[in-house]
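Structural features, examined
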Amino acid sequence: MSDEEKVLEREHVQFDTELRSPEDDLRLPAVVPRDPFPIEPLVPEARQQTRAVGQRATRQDGRLHGLGQTKYIDDMSFPGMLYAKIKRAGIASARIKSIDTSAAEALPGVMAVLTGAEIPVNSFGPSFQDQPVLCADQVFHAGDGVAAVAAVTEQIAEEAINKIVVEYEPLPPIFDPVVAMNDDAPKVHAPDSNIYATKKIRKGDIDKGFAESDHIFEQRFSTQMIEHVSLEPHAAIADWDANGRITIWATIGRITLARADIARTLNMPMSRIRIIGTVVGGNFGGKNEISQEPALALLSKKAGRPVKGVFTRVEEFTSTTTRHPIIMDYKTGVSNDGKIIVRKVRLVLDGGAYCSWSETTLGKACILSPGPYNIENVLAEAFVVYTNKTMTGAMRGFGAPQVCFAYESQMDEIAAKLAIDPLEIRLRNAFHEGSSSPTGQQLHSVVVKESLQVAADRFRWQEPAK
Amino acid sequence: MKRRGRGIACMWYPIGFTVAANPSAATVKVNEDGTAVVLTGTVETGQGSLTVLAQIAAEALGIATDDVHVVSADTDTTPMDTGAIASRTTYVTGNAIALAAEAARDILFNAAAPMLGVKPSQLEAYDRKIQVKGFPQHAVAIGDVAHQSQFVLGQPAIGSASWNPPTVAMDPETGQGKPFSTYVYATQIAEVDVDDETGEVDLLRITAAHDCGTAINPMLVEGQVEGGISMGVGMALQEEMLFREDGIHVNPNLTNYIMPTSLDMPEIDVDIVQGFDPTGPFGAKGVGEPTAVPTAAAIMNAIHDAVGVRITSLPATAEKILMAIKDSREQAQKQISA
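Quick caveat, the model's predicted, so the values are computed rather than measured.

Calculation criteria
- Residues numbered from 1 in each chain as written.
- Chains lettered and ligands numbered in written order.
- Predicted model: local features only at pLDDT ≥ 70, side-chain atom pairs only at ≥ 80, totals over all residues.
- Heavy atoms only, no water.
- Helix = DSSP H or I, 4+ residues; strand = E, 2+ residues; numbered from the N terminus.
- Rg over C-alpha atoms; globule rule 2.2 N^0.38 Å.
- Buried < 20%, exposed > 50% of the residue type's maximum accessible area, 1.4 Å probe, protein only.
- Contact = heavy atoms within 4.5 Å.
- Areas by Shrake-Rupley, 256 points an atom, 1.4 Å probe, with all protein chains shown as cover.
- Lys, Arg positive; Asp, Glu negative; His and termini not counted.
- Charge placed at Lys NZ, Arg CZ, Asp CG, Glu CD.
- Expected span 1.5 Å × (residues − 1).
- Core = buried A, V, L, I, M, F, W, Y, C linked by side-chain atoms within 4.5 Å.
- Axes fitted to C-alpha atoms, helices over the stretch in contact; angles between N-to-C directions.
- Parallel < 35°, antiparallel > 145°, perpendicular 65-115°, else oblique.
- Left-handed = near helix turned anticlockwise from the far one by under 90°.
- Nonpolar A, V, L, I, M, F, W, Y, C, P; charged D, E, K, R; others polar.
- 1 Å grid on protein atoms, 1.4 Å probe; cavity = no way out; pocket = protein on both sides within 12 Å on 5 of 7 lines; lining within 4 Å.
- Points joined across faces, edges and corners; volume = space filled by probe spheres on them.
- Phe/Tyr/Trp six-rings, centres within 6.5 Å; stacked < 30°, edge-to-face > 60°.
- Patch = residues over 30% accessible without salt bridge, like charges linked within 9 Å, V, L, I, M, F, W, Y side chains within 5 Å.
- Salt bridge = Lys/Arg side-chain N within 4 Å of Asp/Glu carboxyl O.
- Pairing = 2+ DSSP bridges.

Tallying secondary structure elements over chain B gives six helices and 11 strands in all. Against the globule reference of 20 Å for 338 residues, chain B gives a C-alpha radius of gyration of 26 Å, more extended than a compact globule. If you line up chain B on its principal axes, its C-alpha atoms span 95 × 45 × 45 Å. The proportion of buried residues among the 338 residues of chain B is 60%. Considering only contacts within chain B whose residues lie at least 6 apart along the sequence, 71% involve residues at least 24 apart. Here chain B displays about 12,400 Å² of accessible surface, and carbon together with sulfur accounts for 52% of that area.

Next comes the structure, spelled out in structure tokens:
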């Protein structure tokens with residue numbers, strides 16, 4: 001035996017060269033060991049350790065993800081399963097005069113066609129129930145669904161929705177949220193106003209604050225509409241069984257709310273609805289409410305078969321929620337030594353065609369808009385406005401990235417004008433343990449100064465740029 | 001010519017819903033061999049929350065992460081949960097699971113007390129054992145206790161609990177109140193090169209220091225920070241849904257809707273700020289959403305530092321930056337000639 005072989009034997013290294021025999025545990029996938037010379041760790045793997053908290057434990061679902069064995073909706077199939085497609089409006093604002101589905105129904109392979117008029121309670125939404133499952137009388141944005149088809153293949157379903165003829169009477173659309181706030185602007189939903197929610201935070205006396213300020217900074221900031229772009233699109237399978245019980249497999253972040261919403265739209269007791277949340281291939285706020293699920297359930301009821309619906313990438317953009325564009329007016333008064341004395345904020349959120357999570361976004365954006373700073377005098381007002389665009393809703397940060405862009409940009413403007421280092425001016429104003437927030441809440445476990453210091457040290461902020 | 005700049009941005013962000021109730025309920029079952037099963041109504045959305053929830057249950061029961069299996073997201077079998085939203089899973093669902101695990105653990109303590117000849121209050125769960133506080137050598141394997149409890153005493157070790165973050169309603173006129181139970185804080189610093197002839201931005205590095213209270217799993221926190229920064233980069237420099245005059249979306253596809261790929265990502269240095277929140281499970285808060293919050297602000301401040309222009313509307317595309325540079329040079333020219 002050569003020296004090298006002896007070393008290998010001593011280290012219990014075995015080369016895995018043989019093919020797997022039937023005796024091998026077949027549940028384990030055939031994969032080549034990652035490393036032919038495994039390094040034996042001195043301590044057990046993080047997942048095996050006690051004191052579990054603080055361990056860098058690898059994910060319990062990591063192996064399945066790594067091997068491509070995680071089952072998403074699109075990997076699932078049931079005997080006799082049909083495929084659904086939804087007809088999209090393609091017009092931003094219009095009254096529906098008629099929907100003719102006869103040609104689609106006549107197409108061989110089409111098993112069921114559904115329109116908004118057949119949905120028991122055709123509205124849903126987490127705050128206000130202003131969104132139809134499928135539009136019946138009016139469309140509010142171009143990505144609205146107006147009819148749905150279930151067919152034996154996706155291609156037939158696609159062909160069928162192209163055969164559905166919808167007659168529209170165009171209505172004047174409105175796209176600019178600022179114009180939409182005017183009294184004479186076309187109204188998207190309500191007869192009175194397009195402003196559907198407001199929020200106000202008032203603390204101290206802003207007039208007094210501005211009078212006491214040495215410098216006043218006034219700027220307008222704006223942000224864009226953004227899609228979540230999850231790798232996995234919105235997808236679900238609905239199975240209405242012969243006992244009248246519905247099972248829905250869905251890629252959704254909130255199953256408890258989803259069941260309540262589906263029970264409401266279908267006018268069914270909750271005990272007859274089962275939602276199974278599958279592994280979600282990215283949510284970021286985009287899958288926090290139902291979308292096509294009630295339509296799939298009704299198609300399944302009509303066809304007597306399970307029905308799968310998977311949104312295309314285009315539908316992900318045009319027919320699901322997005323991040324709010326916000327127009328942000330900031331007026332801030334500071335003293336000569338860089339202390340913020342007063343801040344006035346006005347936010348206008350483009351709410352799109354439906355409320356979705358706009359009310360929550362409005363509230364969080366408004367509360368957070370003054371920034372993590374001790375400011376005695378604050379006035380923050382926020383408005384969210386209907387427009388005939390894709391609905392805006394929950395997206396990672398609920399308005400916070402937008403207002404952070406505004407308050408931190410202005411912070412640097414103030415620092416530059418007063419010739420104070422940007423780190424220093426933040427440290428002078430930042431919250432500390434026990435600070436009072438703009439809503440008068442006494443804050444605990446506050447580490448904003450620590451985070452500034454830690455980041456600056458690691459970045460080597462104090463050293464001149466290379 | 002390429003000009004280098006750096007920019008800093010800090011933020012605060014709340015955990016859970018604004019005032020509104022957002023409860024989580026959970027059930028923890030300790031098996032007869034000392035492993036455990038957690039039932040939760042929350043959903044794994046890719047962030048690794050089920051692993052974190054397993055770690056919380058394991059910590060409360062004194063066992064390892066691998067000893068816990070988490071069953072999630074089935075309205076027929078799992079308890080109610082407000083879901084994977086508002087950065088609330090670790091904090092709210094985690095608290096519910098910790099309470100449920102403690103309830104199951106108390107049943108084990110009652111079974112172990114006569115085995116060890118002490119009171120249940122003198123016991124602790126650690127290292128897969130139920131042991132006497134201060135006398136770790138006086139211990140029984142947790143599996144033996146679970147077996148004794150279920151098959152001899154007839155008391156299966158199962159616990160259920162729920163938790164909802166405490167809030168105080170906001171005054172409708174002034175907004176004064178306690179809308180959230182707790183907040184997290186973070187700072188990100190970006191370094192960029194901006195080409196002042198083309199307006200193009202090279203994002204070189206981002207240093208991120210994030211607070212999440214106790215980091216239940218530091219590796220997953222780092223993963224969240226890196227993912228959040230990628231969304232922040234898209235918001236800062238690239239992503240924008242554009243509409244025609246008649247409201248039809250112009251770029252509803254990934255060829256025209258530009259978003260960051262791995263090639264657009266800067267070098268990222270993540271630090272977890274030491275913190276402990278007494279209201280969270282083992283001191284934890286949350287980290288999901290805040291990671292995407294300060295990135296765009298830091299990058300805009302870095303662009304300003306590099307070429308002296310303030311971008312006030314996102315995204316800061318090369319065209320927008322170049323236009324701003326030209327405007328600022330014309331302004332300077334006018335001032336000189338005046």
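So that's the structure; there's more coming.
Turning our eyes to something else, we now look at the overall build of chain A. When its secondary structure is counted, chain A shows 13 helices and 15 strands. Once the C-alpha set of chain A is aligned to its principal axes, its extents read approximately 90 × 75 × 40 Å. Across chain A, the fraction of contacts at a sequence separation of at least 24, relative to all contacts at a separation of at least 6, is 78%. Roughly 19,900 Å² of accessible area belongs to chain A as shown, and the carbon and sulfur atoms make up 51% of that amount. Averaging the positions of the 52 positive and the 60 negative side-chain charges in chain A gives two centres separated by 4 Å.

Glancing now at helix 6 (residues 318-337) of chain B. Its 20 residues place the ends of helix 6 of chain B 29 Å apart at the C-alpha level, agreeing with the 28 Å of an ideal helix rising 1.5 Å per residue. Elements in contact with the buried residues of helix 6 of chain B: strand 9 (182-195), strand 10 (201-211) and helix 5 (295-307) of chain B.

What follows covers the nonpolar core. Ranked by size, the top nonpolar core spans 198 residues in total, and within it I299(B), M300(B) and I303(B) carry the most contacts. Broken down by element, this core gets its largest block of residues, 14 residues, from helix 2 (residues 89-116) of chain B. Setting aside residues no more than four positions away along its own chain, M300(B) makes contact with F405(A), S409(A), A236(B), L237(B), R310(B), I311(B), L314(B) and A316(B).

Our next topic: the packing of helix 11 (residues 400-418) of chain A against helix 12 (residues 422-429) of chain A. Residue and element names in this part refer to chain A. Between helix 11 and helix 12, the least distance of the axes is 9 Å, while the angle of their chain directions is 110°. Here helix 11 is positioned roughly perpendicular relative to helix 12, judged by the angle of their axes. At the point where helix 11 passes helix 12, the crossing takes the right-handed sense. Within the contact between the two elements, helix 11 uses E408, M411, D412, I414 and A415 and helix 12 uses P422, I425, R426 and N429. Of the residues contributing to the contact of helix 11 with helix 12, the split by class is five nonpolar, one polar and three charged.

Below, the discussion takes up the layout of surface pockets. Residues and elements named next belong to chain B. Taken as a whole, the second largest pocket spans an internal volume of roughly 800 Å³. In terms of residue count, the dominant contributor to the lining of the second largest pocket is strand 4 (residues 68-72) (five residues). Of the residues assigned to the lining of the second largest pocket, the class counts are 10 nonpolar, 11 polar and nine charged.

Another aspect to go through is the packing of aromatic side chains. Residues and elements named next belong to chain A. For the structure on display, the rule yields 15 aromatic pairs over all chains. Taking 5.8 Å as the distance between ring centres and 75° as the angle between the ring planes, the aromatic pair formed by F140 and Y354 counts as edge-to-face. In this pair, F140 is assigned in the loop between strand 4 (138-139) and strand 5 (145-151) and Y354 in the loop between strand 14 (340-350) and helix 10 (358-368), connecting sequence segments 214 residues apart. Ring geometry for F459 and W461: centres 6.2 Å apart, planes at 50°, overall tilted. Note on F459: relative accessible area 1%, which makes it buried.

On the surface, F151(B), V152(B) and L153(B) cluster together into a nonpolar patch covering about 290 Å² of accessible area. Topologically, L153(B) is positioned in the loop between helix 3 (142-152) and strand 8 (158-163).

What follows is about the sheet that holds strand 8 (residues 215-222) of chain A. Residues and elements named next belong to chain A. A sheet is described by the order of its strands in space; here five strands give the open sequence 7-15-14-13-8, paired in mixed fashion. With one partner strand each, in any of the chains shown, strand 7 (195-203) and strand 8 form the two edges of the open sheet. Between one strand axis and the next, the sheet turns by 5° as a mean value, whatever way the strands run. As defined by bridge partners, strand 13 (residues 326-334) adjoins strand 14 across nine bridges and the pair is classed as antiparallel. For D329, the partnering residue across the bridge sits in strand 14 and is R346. The strands touched by helix 10 are strand 7, strand 14 and strand 15 (377-385); relative to strand 7, the strand with the most contacts, the crossing angle is about 20°. Those strands touched by helix 11 are strand 8, strand 13 and strand 14, and its axis lies near 145° from that of strand 8.

All right, on to helix 8 (residues 293-303) of chain A then. Residues and elements named next belong to chain A. Summarising burial for helix 8: eight of the 11 residues are buried, a large majority. Listed as buried for helix 8 are E293, P294, A295, L296, A297, L298, L299 and S300. Looking one or two residues past helix 8, G304 carries a phi angle of roughly 70°, positive in sign.

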